[in-house]
Amino acid sequence: MSDTPAARTAVHEEDIDGFGTVRVVPVDPAADIDLIHSWVAEDRARFWGMQEAGRERVLEIYEYLDSLTTHHAYLIHRDGVPVALFQTYEPEADPVGEYYDVRPGDFGIHLMIGPVSGPTGVTERGFTATLISVFLAYVLQEPERLRIVVEPDARNAKAVARLVRMGFTLGEQVDLPEKRAQMAFLTRGEYERGVLAGT
């Protein structure tokens, strides 16, 4: 596939009053490599763990992810502009599953917000929370997914605080090969109560 992400078929789409249209689009490694590499190479993306990786290495990583049935990568668009990279994984098929007690129905996610520069609105209050809410709505459409698992770098205090605000419960810190991670969890019930409460 060599199309642009904006023209690609979305797996999920929401029109949000006062925010715009948010689309969840599968990553095409060959078509998206320049965008993704430019994002992961920035200092602000240091917690993503690919800052030193060259373009070919990043392409290799995303081609490998694209070959798996247990891991997926998506670009999130707001009104046609890519603003974030989300990834999902099944913990029992991922190295992180060796570091915590995996439950049936666990489903892992990663998030990286795109660069602040440009007309993306990244600095808007509630911007990241809105994107995460859209992605959680997409992920939890599958009834067998009972608990969302995240493991940000424990040094990334901003990301950890955001997760707590969104209703995640912090677990233990674990030493993964690439980082000390803060485990955090959000059950389907906690998510649904939060939606009903308007959080």
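Not measured: the values here are computed from a predicted model.

Procedures and definitions
- Residues numbered from 1 in each chain as written.
- Predicted model: local features only at pLDDT ≥ 70, side-chain atom pairs only at ≥ 80, totals over all residues.
- Heavy atoms only, no water.
- Phe/Tyr/Trp six-rings, centres within 6.5 Å; stacked < 30°, edge-to-face > 60°.
- Lys NZ or Arg CZ within 6 Å of the ring centre and 35° of its normal.
- Salt bridge = Lys/Arg side-chain N within 4 Å of Asp/Glu carboxyl O.
- Helix = DSSP H or I, 4+ residues; strand = E, 2+ residues; numbered from the N terminus.
- Buried < 20%, exposed > 50% of the residue type's maximum accessible area, 1.4 Å probe, protein only.
- Expected span 1.5 Å × (residues − 1).
- Arc of directions from axis to C-beta.
- Pairing = 2+ DSSP bridges.
- Axes fitted to C-alpha atoms, helices over the stretch in contact; angles between N-to-C directions.
- Contact = heavy atoms within 4.5 Å.

Regarding the packing of aromatic side chains
Then comes step 1: Scanning all chains against the criterion turns up 6 aromatic pairs.
Then comes step 2: Following the ring pairs from residue to residue traces out a cluster consisting of Tyr74, Phe86, Phe135 and Tyr138.
Then comes step 3: For the cation-ring pair, Arg78 lies above Phe19, with the distance from its terminal atom to the ring centre recorded as 4.0 Å.
Then comes step 4: The positively charged end of Arg145 is found above the aromatic ring belonging to Phe107, 3.8 Å away from the centroid.

Re the pattern of salt bridges
Then comes step 1: Counted under the stated rule, the structure contains 9 salt bridges.
Then comes step 2: Among the salt bridges present, the one from Asp106 reaches Arg147, with a minimum N-O distance of 2.9 Å. Taken together, the positions of Asp106 in strand β5 (residues 106–113) and Arg147 in strand β6 (residues 147–150) put the pair 41 residues apart, joining distant regions of the chain.
Then comes step 3: Judged by its relative accessible area of 8%, Arg147 falls in the buried class.
Then comes step 4: In this structure, Glu192 engages Arg188 in a salt bridge whose closest nitrogen and oxygen atoms are separated by 3.9 Å. Taken together, the positions of Glu192 and Arg188, both in helix α5 (residues 188–197) and 4 residues apart, correspond to about one turn of that helix.

Digging into helix α2 (residues 55–67)
Then comes step 1: A rise of 1.5 Å per residue sets the reference length of α2, with its 13 residues, at 18 Å; its end C-alpha atoms lie 18 Å apart and thus fit the reference within 8%.
Then comes step 2: Turning to α2, its buried residues are Val58, Leu59, Tyr62 and Leu65. All buried residues of α2 lie within an arc of 125° about the axis, which places them on one face of the element. Projecting away from the buried face of α2 at angles above 90 degrees are the exposed residues Glu56, Tyr64 and Ser67.

With respect to the sheet that holds strand β2 (residues 20–26)
Then comes step 1: Strand order in the open sheet formed by 8 strands is β1-β2-β3-β4-β5-β6-β8-β7, and the pairing between neighbours is mixed. Looking at which strands have only one partner, the edges of the open sheet turn out to be β1 (12–16) and β7 (169–175). On average, each strand axis in the sheet is inclined to that of its neighbour by 25°, with strand direction left out of account.
Then comes step 2: Examined bridge by bridge, β1 and β2 share 5 bridges and lie antiparallel to one another. Residue pairing across strands places Glu13 opposite Arg23, the latter belonging to β2.
Then comes step 3: Packed on one face of the sheet, helix α3 (residues 127–139) meets β1, β2, β3 (71–78), β4 (81–89), β5, β6 and β8 (180–187) and runs near 150° to β5.

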